[in-house]
Amino acid sequence: MLCYSCTIYEAGRLWSVVISKEWDTLLDLISDGIIITDHEGTILKVNKAYERIVSIKPKALVGKNIKEMVKDGTIPESSTLKVLQTKQEVTLFHENNEKDLLYTGTPMFNERNEIVAVVNCVRDMRELNELKRTVTQIKQVNQEYREQLDYFHGRESKIDGLIAESREMQHVLTLATKVAPLDSVVMLRGESGVGKEVIAKFIHTHSKRVSEAFIKVNCGAIPKDLMESEFFGYETGAFTGASKGGKPGFFELADKGTLFLDEIGDMPQELQVKLLRVLEDREFRRIGGVKTIRSDVRIIAATNQPLEELVEQKKFRKDLYYRLQVYPIVIPPLRERTTDIPHLIEYYLNTFQERHGTPTRINPEAIYILSQYKWPGNIREVINLLERLVIICSNREILPEHLPREITDCLHLIKPVHFKEQLEWIEFQELQRALEQHGSTRKASESLQMSKTTFIRKLKKYEGRFKMDHK
Ligand SMILES: Nc1ncnc2c1ncn2[C@@H]1O[C@H](COP(=O)(O)OP(=O)(O)OP(=O)(O)O)[C@@H](O)[C@H]1O
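Residues numbered from 1 in each chain as written. Predicted model: local features only at pLDDT ≥ 70, side-chain atom pairs only at ≥ 80, totals over all residues. Heavy atoms only, no water.

- As recorded by an unreviewed UniProt entry, the protein carries the name HTH-type transcriptional regulatory protein TyrR and is attributed to Aneurinibacillus aneurinilyticus ATCC 12856.

Let's talk about the sheet that holds strand E12 (residues 328–330)
Across a sheet, paired strands are connected by hydrogen bonds in the backbone, their directions being either parallel or antiparallel.
Link 1 in the chain: In space, the five strands of this open sheet follow the order E7-E8-E11-E6-E12, with parallel pairing throughout. Only two strands of the sheet have a single neighbouring strand rather than two, namely strand E7 (214–218) and E12. Along the sheet, successive strands turn relative to each other by an average axial angle of 20°, direction set aside.
Link 2 in the chain: Its contacts with the sheet place helix H7 (residues 167–179) against strand E6 (186–189), strand E11 (298–303) and E12, and it is angled at close to 160° to E12. (Pairing = 2+ DSSP bridges. Helix = DSSP H or I, 4+ residues; strand = E, 2+ residues; numbered from the N terminus. Axes fitted to C-alpha atoms, helices over the stretch in contact; angles between N-to-C directions. Contact = heavy atoms within 4.5 Å.)

Here we look at helix H14 (residues 340–356)
Link 1 in the chain: Counted at 1.5 Å a residue, the expected span for H14 with its 17 residues is 24 Å, and the 24 Å between its end C-alpha atoms agrees.
Link 2 in the chain: Taken residue by residue, H14 has Asp340, Ile341, Pro342, His343, Leu344, Ile345, Tyr348, Leu349, Phe352 and Gln353 as its buried positions. (Expected span 1.5 Å × (residues − 1). Buried < 20%, exposed > 50% of the residue type's maximum accessible area, 1.4 Å probe, protein only.)

Here's the deal with the nonpolar core
Link 1 in the chain: Counting residues in hydrophobic clusters, the biggest one holds 33 residues, and the most contacted among them are Phe231, Phe251, Leu259, Ile264 and Leu324.
Link 2 in the chain: Those elements giving two or more residues to this core turn out to be E7, helix H9 (224–232), helix H10 (250–253), strand E8 (258–262), helix H11 (269–281), E11, helix H12 (307–312) and helix H13 (318–324).
Link 3 in the chain: Broken down by element, this core gets its largest block of residues, five residues, from H11.
Link 4 in the chain: The contact partners of Leu259, leaving out residues within four places of it in the chain, are Ile215, Val217, Phe250, Phe251, Ala254, Val297, Arg298, Ile299 and Ile300.
Link 5 in the chain: Core analysis: the second largest hydrophobic core is formed by 25 residues, Leu334, Leu349, Val382 and Ile407 among them. (Core = buried A, V, L, I, M, F, W, Y, C linked by side-chain atoms within 4.5 Å.)

Description of the packing of H14 against helix H15 (residues 364–372)
Link 1 in the chain: Running from amino to carboxyl end, H14 crosses H15 at an angle of 125°, the nearest separation of the two axes being 9 Å. Here H14 lies oblique to H15, going by the angle between them. Considering how the two elements wind past one another, H14 and H15 form a crossing that is right-handed. Contacts from Ile341, Pro342 and Ile345 in H14 reach Ile367, Leu370 and Ser371 in H15.
Link 2 in the chain: The residue inventory of the contact of H14 with H15, partitioned by class, reads five nonpolar, one polar and no charged. (Parallel < 35°, antiparallel > 145°, perpendicular 65-115°, else oblique. Left-handed = near helix turned anticlockwise from the far one by under 90°. Nonpolar A, V, L, I, M, F, W, Y, C, P; charged D, E, K, R; others polar.)

Overview of the pattern of salt bridges
Link 1 in the chain: Across all of its chains, the model carries 22 salt bridges by this definition.
Link 2 in the chain: Linking Glu114 and Arg112 is a salt bridge whose minimum nitrogen-to-oxygen distance equals 3.5 Å.
Link 3 in the chain: What makes Glu114 partly exposed here is its relative accessible area of 37%.
Link 4 in the chain: Across the pair Asp340 and Arg337 runs a salt bridge whose closest N-O atoms are separated by 3.3 Å. One exposure class covers both Asp340 and Arg337, and it is buried.
Link 5 in the chain: Connected through shared salt-bridge partners, Asp183, Lys208, Arg209 and Asp296 make up one network. (Salt bridge = Lys/Arg side-chain N within 4 Å of Asp/Glu carboxyl O.)

Topic: the sheet that holds strand E2 (residues 43–46)
Link 1 in the chain: Reading across the sheet, the five strands line up as E2-E1-E5-E4-E3 and stay open at both edges, with antiparallel pairing between neighbours. Strands at the two margins of the open sheet, each flanked by one partner only, are E2 and strand E3 (90–95). Adjacent strand axes in the sheet meet at a mean angle of 20° when their direction is disregarded.
Link 2 in the chain: Relative to the sheet, helix H5 (residues 79–86) contacts strand E1 (33–38), E3, strand E4 (100–109) and strand E5 (115–124), its axis offset from that of E5 by approximately 145°.

Considering the site of the ligand
Link 1 in the chain: Lining the immediate surroundings of the ligand are 17 residues, of which Ile163, Ser192, Gly193, Lys196 and Tyr348 lie closest.
Link 2 in the chain: The contact in question runs from an oxygen atom of the ligand to an N or O atom on the backbone of Glu197, over 3.0 Å.
Link 3 in the chain: The contact in question runs from an oxygen atom of the ligand to an N or O atom on the side chain of Asp262, over 3.2 Å.
Link 4 in the chain: Surface burial for the ligand is 85%, taken as the share of its 630 Å² of free accessible area covered by protein chains.
Link 5 in the chain: Where the shell around the ligand is concerned, the elements lending two or more residues are helix H8 (196–205), H14 and helix H16 (378–392).
Link 6 in the chain: Residues of the shell around the ligand, tallied by class, amount to eight nonpolar, four polar and five charged.
Link 7 in the chain: Composition of the shell around the ligand by domain shows at least three residues from each of domain 2 (167–332) and domain 3 (336–466). (Near = heavy atom within 4 Å. Polar contact = N/O pair within 3.5 Å; in protein donor to acceptor, adjacent residues only side chain to side chain. Areas by Shrake-Rupley, 256 points an atom, 1.4 Å probe, with all protein chains shown as cover. Domains from an automatic or database assignment.)

Section: the packing of aromatic side chains
Link 1 in the chain: Under the definition given, this model contains 12 aromatic pairs.
Link 2 in the chain: Seen in terms of ring centroids, Phe214 and Phe260 are 6.0 Å apart; in terms of plane orientation they differ by 25°. Their pairing is stacked. One end of the pair, Phe214, is in strand E7; the other, Phe260, is in strand E8, and 46 residues separate them in sequence.
Link 3 in the chain: Here Phe260 falls in the buried class, since its relative accessible area comes to 0%.
Link 4 in the chain: Both rings, one in Tyr373 and one in Trp375, keep their centres 4.7 Å apart while their planes meet at 75°; by these two values the pair is edge-to-face.
Link 5 in the chain: Tyr373 gets classed as buried once you look at its relative accessible area, which sits at 8%.
Link 6 in the chain: Each residue in the set Phe231, Phe232, Phe250, Phe251 and Phe284 is aromatic and connected to the rest through ring pairs, giving one cluster. (Phe/Tyr/Trp six-rings, centres within 6.5 Å; stacked < 30°, edge-to-face > 60°.)

Describing the pairing of E6
Link 1 in the chain: What you see with E6 is no split at all: Val186 and Leu188 on one side and Met187 and Arg189 on the other are buried throughout.
Link 2 in the chain: Pairing analysis gives four bridges linking E6 to E11, with the strands arranged parallel. Pairing of Val186 across the sheet is with Ile300, part of E11.
Link 3 in the chain: Bridge count for E6 against E12 is three bridges, and the pairing is parallel. When the bridges of E12 are listed, Met187 appears paired with Pro328.

Some details on unusual backbone geometry
Link 1 in the chain: In this structure, Lys87 takes a positive phi of about 60° despite not being glycine.
Link 2 in the chain: Mapped onto the fold, Lys87 is located in the loop between H5 and E3.
Link 3 in the chain: The exposure class assigned to Lys87 is partly exposed, which follows from its relative accessible area of 41%.
Link 4 in the chain: The residue Lys256 is not glycine, and still its phi comes out positive at about 70°.
Link 5 in the chain: Position of Lys256 relative to the elements: it lies in the loop between H10 and E8.
Link 6 in the chain: By relative accessible area, Lys256 is classed as partly exposed at 45%.

Rendered as structure tokens:
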């Protein structure tokens, strides 16, 4: 809405402005109706929008006095007169069959605080509401298209065998994508088999170090005595049995690249001190060496251990802990992101059928059962099971009876708790059937008497959870 603050104008000066051509043009560009009167209520100016909104020709108004117009009943009441009486901004509302008109009268003062003019602004609220409704409708249509795009896009998008359909994994990828281009230390937390190494590689491939080495070190697998030489390398004759010519350590091998320190909680204390020093100084010496070697390495650490407890038990150095915790990313266990399960099944079935040359389908009920299982071994357990199933299912279809006892038994335990889920499963079958029968989401949703948006939303949600057919 136009807002006229108390501007200092003398009446004569105002008049010369009001009659100028530029002023006319400017006023006619405004979509609100404007009517300007002098300090006595005589109409000086009316813009084109006012004529459109109020349906009175400006020529019939200019020069007339508002007081007389109210007196002879041409207009029922006037915000201008109220402004002249109160010296304040006044708002009036008039409605008739066609329009809901909102008038806002604003006084303009001179230096002596006398009114020199009143600017009255009128808008048709019905027209505005109509516009609002149209905008809302456009937004809805837009949203529908966006959902459809997401739906179809979601089916295609896989990042290098990295399945991340669930909201939880999308969040992990957002964090990983943000930190990837920076050189910050990253700490990946999560149970065994959740994909810490996969995310470490994702960060490396999305960093500027992508064309350099990605070196993975399992800190729990290297014998304690060899740790230092493995990390920092050694020079000829550094110790008995040292190879001639020496050997570079991980820090040298990963120079300009990424060093992924898996199972960091298993790193012995002595090495923790040395690691901290390299992280701070970015330089080290080989065992038996005198030369200082500079190292440009990005560290990504990972653990499935409660590091905080190790710190409390003084098994892990507090200073190193803080140095590594700059950017922690927690990868949730598979049981907390069940929407990923059907996609992982589909992806790994494809992988194994290509590897073993045995096309294998999976029955929807089997997918449902696998989606309910808690997967203590996370994705690694999914992979192992699917490979086994592809080999043992000679009839080319994985059925519930092919699933191991520990998985099917678990379903009996949880069945009553997941009654709602079973209802959703039935609804999902209905949505699929309708889509197959009618061939388009519009027709399928009509047949089920639901809106297309709801249909697509539900289908997407359920597909994520119980995706059915694997060809
Ligand atoms: N999001 C994912 N999509 C597809 N496969 C995945 C995904 N995450 C992990 N995997 C696969 O699961 C297996 C285990 O993943 P990974 O080694 O990254 O887990 P981890 O958390 O590092 O395990 P650990 O703690 O035992 O080292 C790998 O074969 C990996 O390719």
